[in-house]
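One letter stands for each residue in the lines below.
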Amino acid sequence: MKRNMLLAVVWMTFTAIFAAAHVAATEPKYDLFVAPDGDDAGPGTIDRPLATLAKARDAVRQLKKTATGPIRVAIRGGTYYLAEPVVFTPGDSGTEKAPIVYVAYHNETSVISGGAKLDLQWKPYRDGILQAAVPAGMADFDQLFCNGRKQRMARYPNFDPQAKYFGGFAADCISPERAKRWADPAGGFVHAMHRAHWGDFHYEITGVDDDGNVKLEGGYQNNRRMGMHGQHRFVENIFEELDVPGEWFLDKQKKIVYFFPPNGIDPNRATIEVARLRHLFEFRGSMDKPVRHITLSGLTLRHTRRTFMEIKEQLLRSDWCIYRGGAVLMEGVEECTVGHCFFDAVGGNGVFVSNYARGVTVTGCKITEAGGNGVCFVGDPAAVRSPSFEYHEFVPLEKMDTTPGPKTANYPAKCLIYDNLIHSIGRVHKQSAAVQISMAEEITVSHNSIYHLPRAGINISEGTWGGHVIEFNDVFDTVRETGDHGSFNSWGRDRFWSPDYATMSRMSADNPEMPKWDARKTTVIRNNRWRCDHGWDIDLDDGSSNYLLTNNLCLNGGIKLREGFYRTVENNIMVGNSFHPHVWFQNSGDRFVRNIVGTWYRPIRVNDWGKEVDHNLLPDQAALEKSHKLGLDENSAAGDPMFVDPAGGDFRVNDDSPALKLGFENFPMDQFGVVSPELRAEARTPQMPGAPTGADAPGGRDGRVHAWLGAKIKNVVGQGEMSAHGLPGEIGVLLVDVPEGSTAAKFGLKKGDAILHCDGKPVKDVADLLRLYRAAAPGAKVKLGLFRSQKDLTIEIVRGN
């Protein structure tokens, strides 16, 4: 009951924040207009708009003097190429009653670009490569786009989308033999995985020595500096490696760009754009004089530079280093919002919230193809007591500041990341995440869909200062290019933590509240769906302390707790996997209760099992007996949890499940991920456990039968079913049984129908059908596009509850 009341309070808080932040986006009155063909000498009306955002910002300063309500700046459709970032200072602030809103006008596509459009005269160079002189002042860019699509710097080896690391790697990429091919490699880059796959490193090539060895600068982007991987690396920005369509090279000295255009593209008729700026918007305030009440809404943000060589700052003793910047940079802010914006292939981070920040909201955004992180909240190391900055560093207790909590308020707190679709990022920097939190407090990450990432989906670098709420997120397809990690990852190498186990055991025994000196508030991870196929679903690593994990559906990797104290894992489901306690301490205070596990636990170096391990449902009697021998699970049970529809993603248990007798409580299975209809329609969902893939199913598709609307459905699988139903390929969903009187029958569906569309969108498989159907509101009409008896047919059904 208390948990449900808390959820209701949180939801009401969200609703109030969104209503305040986005009232301007639905209000028809605008105070200023900006258009690409406007004139900064004009009055800023709809007929005579301004031309630049900087001029609009300056005009707002004048309007503020007499404003009694919100000030709305309408940004008309088109592309705004910035010569420098748009900077907001405290003098640009709005107020609670009169916020400032910069919004795309009537859903027009308003593109804010950190680049430039180049009008180039291309001519042949050789072997299909073209060349063009670059205008004066423009020969400094590191991303090139042709007709809106990002092209690749000349590289070796060439890009291979099937390669696990970097889209292609080669051990000999910096060998003396390879370097002999290069006339002048200075300015080239080496990208390499960490030798243990704990992220990556980047280097700039400065030349070649007398022995033919490549000279490098860099390798500081990872806080575990153990050197680059011997095989998993590649080079780029080398002229001699320009050899396939889609690659380019800029000779900055000669001011000539070389381009091997994709097949069928004439660059003289194409739109060529390049990235020049690192940031598009900067909110520049301070703790004493913050920027307040400014909203960016509905904008498309593109063409920012890559920033991998700027990643230098160590984030305490985590594995991370960071660059404090992004397409939107906020520092010293209160009650500012980034809403419904599309971050399209920005070179570095999407949104970076640095140091003092209160009440920042990032909502309704889509972030894809970013070079770095999605959204970062990173505080000031000077606010940390007795900080250390590398894994092996440690401040002895006798020299340690033992006062709990932060020294200053110069860090992000009480901020919200809600209803965002973040996927396919970390394209350049692999030690990255959709959401990164470090030296911050009470950050809420709610209802986001996050997938296709090289490392964690959500990462918390250390315990300073806790109080975060991670809830209702859908996070999967993570840790694709790295290792020893999870879809959620955290570290807790705080003041109490020592790399020496004996030292930490002694200190924690003598000072049992020490782990809470930094992690002073409990971080709650609840009601999420996780799937990691290359690590743990939830990984609370080295020292992570003061956590509550409840109502999480873990689809593949289970839950790991290494070292750390005061963690409760309660009422979670671990499908096909289990609980991974690693290197626990005496009197850790940890609890593992009322969970459902798919296998027995997988402990490593655990002699003390914490405060309580009990009331869990184990898979079989052998697992239960193993627990009993260790003095665990005295009141636990073994058996089938009796999930309602695991193939369809419903892991609630039936009324006669033995889990309910142990105190397990069902939790919603249809509330994970984004909530806005436009994002729900686009967001992917994870594959359910047990579905055969590859050679296990014809065409690699799941051929199992699912229940839906009282009928039985399955994916179209194999040449036989395609031929029998006259279908063009292995697409769509078949109704294999429609009982008389079923809901499906009442809507007119018949056995043998193939569903190919739902509300106008393609249905590739059962997962697609269920996702699109559930995206509709209860009671809404849903149109199904069928193929019946070799003919197309449309039937309307009604979305149930």
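Look a little higher up for the structure.
Report on the accompanying structure. Quick caveat: nothing in here was measured; it's all calculated off a predicted structure.

### Regarding the overall build of the chain
Within the chain one finds 10 helices and 65 strands. By principal-axis analysis of the C-alpha atoms, the chain measures approximately 80 × 75 × 70 Å. Burial status across the chain gives 59% buried among its 801 residues. Restricting to contacts in the chain with at least 6 residues of sequence separation, those with at least 24 account for 66%. Total accessible area on the chain is roughly 31,500 Å²; 49% of this is exposed by carbon and sulfur atoms. Distance between charge centres in the chain, computed from 92 positive and 98 negative side chains, equals 2 Å.

### Observations concerning the nonpolar core
In terms of nonpolar packing, the biggest core is built from 86 residues, with Phe281, Phe283, Val328, Phe343 and Phe488 touching the most fellow members. When residues no more than four places from it in sequence are discounted, the contact partners of Phe281 are Leu53, Val86, Phe88, Ile112, Leu296, Leu299, Leu301, Ala327, Val328 and Leu329. Judged by nonpolar contacts, the second largest core, of 23 residues, contains Trp708, Leu709, Leu772 and Ile795.

### What about unusual backbone geometry?
Tyr156 connects to Pro157 through a cis peptide bond whose omega is -5°. The omega angle of the peptide bond from Thr464 to Trp465 is -5°, so this bond is cis rather than trans. Secondary-structure assignment places Trp465 in the loop between β39 (458–460) and β40 (469–471). Although it is not a glycine, Arg594 adopts a positive phi angle of roughly 55°. Relative to the assigned elements, Arg594 resides in the loop between β52 (591–593) and β53 (596–597). Among the residues examined, Arg594 registers a relative accessible area of 16% and is labelled buried.

### Details of the pairing of strand β36 (residues 435–438)
Because side chains alternate across β36, one face comprises the buried residues Val435 and Ile437, and the other comprises Gln436 and Ser438, equally buried. Direction of pairing for β36 relative to β39: parallel, over a ladder of three bridges. Pairing of Gln436 across the sheet is with Asn459, part of β39.

### Regarding the pattern of salt bridges
Under the criterion given, the structure shown has 49 salt bridges. Taking the shortest distance from any N to any O, the salt bridge between Glu236 and Arg306 comes out at 2.7 Å. One end of the pair, Glu236, is in strand β17 (residues 228–236); the other, Arg306, is in the loop between β24 (300–302) and β25 (313–314), and 70 residues separate them in sequence. Each of the two residues, Glu236 as well as Arg306, counts as buried.

### Focus on the state of the cysteines
Overall, the coordinates contain zero disulfides when judged by the stated rule. Cysteine Cys365 is unpaired, with the sulfur of Cys341 as its nearest cysteine sulfur at 4.9 Å. A relative accessible area of 0% means that Cys365 is categorised as buried. Lacking any disulfide linkage, Cys532 is separated from the closest cysteine sulfur, that of Cys554, by 11 Å.

### Description of the sheet that holds strand β12 (residues 152–153)
Strand order in this open sheet of five strands is β8-β9-β19-β18-β12, and the pairing throughout is mixed. With partners counted over all chains shown, the strands left at the sheet margins are β8 (123–126) and β12, one partner each. Alignment of β12 against strand β18 (residues 247–251), held across two bridges, turns out to be parallel. Bridge pairing links Arg152 to Glu247 in β18.

### Brief notes about helix α2 (residues 53–63)
When we look at burial in α2, the residues that qualify are Leu53, Ala56, Arg57 and Val60. Summarising the axial view, the buried residues of α2 lie within an arc of 100°, below the 170-degree limit, and thus occupy one face. The elements touched by buried residues of α2 are β1 (32–34), β2 (71–75), β4 (86–88), β5 (100–104), β6 (110–113) and β21 (281–284).

### With respect to the pairing of strand β45 (residues 536–540)
The side chains of a regular strand alternate between both faces of the sheet. Of all five residues that make up β45, five are buried, and the element is covered over most of its length. The pairing of strand β42 (residues 486–490) with β45 spans four bridges and is classified as parallel. From the neighbouring strand, Gly486 faces β45, where its bridge partner is Trp536. As paired elements, β45 and strand β48 (residues 559–562) share three bridges and run parallel to each other. In the sheet register, Ile538 faces β48, and the bridge partner there is Ile559.

### Notes on the sheet that holds strand β20 (residues 272–275)
Strand order in the open sheet formed by four strands is β7-β20-β10-β11, and the pairing between neighbours is antiparallel. Whereas interior strands pair on both sides, the edge strands pair on one side only; in this sheet they are β7 (115–118) and β11 (149–150). Sheet topology note: the β7/β20 ladder contains four bridges and is antiparallel. The residue bridging Leu118 from the neighbouring strand is Ile272, located in β20.

### Comments concerning the side chain of His582
Looking at the secondary structure, you find His582 in strand β51 (residues 579–582). For His582, a relative accessible area of 7% corresponds to the buried category. Here His582 is in contact with Trp536, Lys560, Leu561, Arg562, Glu563, Arg602, Ile604 and Val606, once residues within four sequence places are set aside.

### So, helix α5 (residues 621–629)
Among the residues of α5, Ala623, Leu624 and Ser627 are the ones counted as buried. For α5, the angular spread of the buried residues around the axis is 100°, confining them to a single face. In this structure, α5 carries Ala622 and Lys629 as exposed residues pointing more than 90 degrees from its buried face. Residues of α5 that are buried in the fold lie against β55 (617–618) and β56 (637–638). In the segment just after α5, Gly631 is the residue with positive phi, at about 75°.

### Description of the packing of aromatic side chains
Counting across every chain of the model gives 35 aromatic pairs. Centroid distance Tyr30 to Tyr105: 5.3 Å. Interplanar angle 65°. Geometry classified as edge-to-face. Residue Tyr30 is found in the loop between α1 (2–26) and β1, and its partner Tyr105 is found in the loop between β5 and β6; the two are separated by 75 residues along the sequence. A ring pair is formed by Phe643 and Phe651, whose centres lie 5.0 Å apart and whose planes are at 70°; its orientation type is edge-to-face.

Rules used throughout
- Numbering of residues starts from 1 in each chain and follows the order in which that chain's sequence is written.
- Given that the model is predicted, a residue must reach a pLDDT of at least 70 before its local features are reported, and side-chain atom pairs must reach 80 or more before they are shown or counted; all residues, however, enter totals for whole chains, interfaces and linings.
- The side-chain figures draw on all heavy atoms in the structure; neither hydrogens nor water molecules are used.
- Runs of H or I in DSSP of at least four residues are treated as helices and runs of E of at least two as strands, each being numbered from the N terminus.
- For each residue, the accessible area found with a 1.4 Å probe, counting protein chains only, is set against the maximum for its type, and the residue is called buried under 20%, exposed over 50%, and partly exposed in between.
- By definition, residues are in contact when any of their heavy atoms lie within 4.5 Å.
- Each accessible area value is a Shrake-Rupley result obtained with a 1.4 Å probe; residue values ignore everything except the protein chains displayed when judging cover.
- His is not counted, nor are the chain ends; Lys and Arg add positive charge and Asp and Glu add negative charge.
- Where a charge lies is defined by one atom per residue type, namely NZ (Lys), CZ (Arg), CG (Asp) and CD (Glu).
- In plain words, nonpolar cores are sets of buried Ala, Val, Leu, Ile, Met, Phe, Trp, Tyr and Cys residues tied together by side-chain atoms within 4.5 Å.
- Two strands form a pair only when DSSP identifies at least two bridges running between them.
- What counts as a salt bridge is simple: a side-chain nitrogen of Lys or Arg found within 4 Å of a carboxyl oxygen of Asp or Glu.
- Disulfides are defined in this document as cysteine sulfur pairs within 2.5 Å.
- This arc describes the spread of directions from the helix axis toward the C-beta atoms.
- Centres within 6.5 Å are what make two rings of Phe, Tyr or Trp a pair, Trp counting through its six-membered ring; a difference in plane orientation under 30 degrees is then read as stacked, over 60 as edge-to-face, and the rest as tilted.

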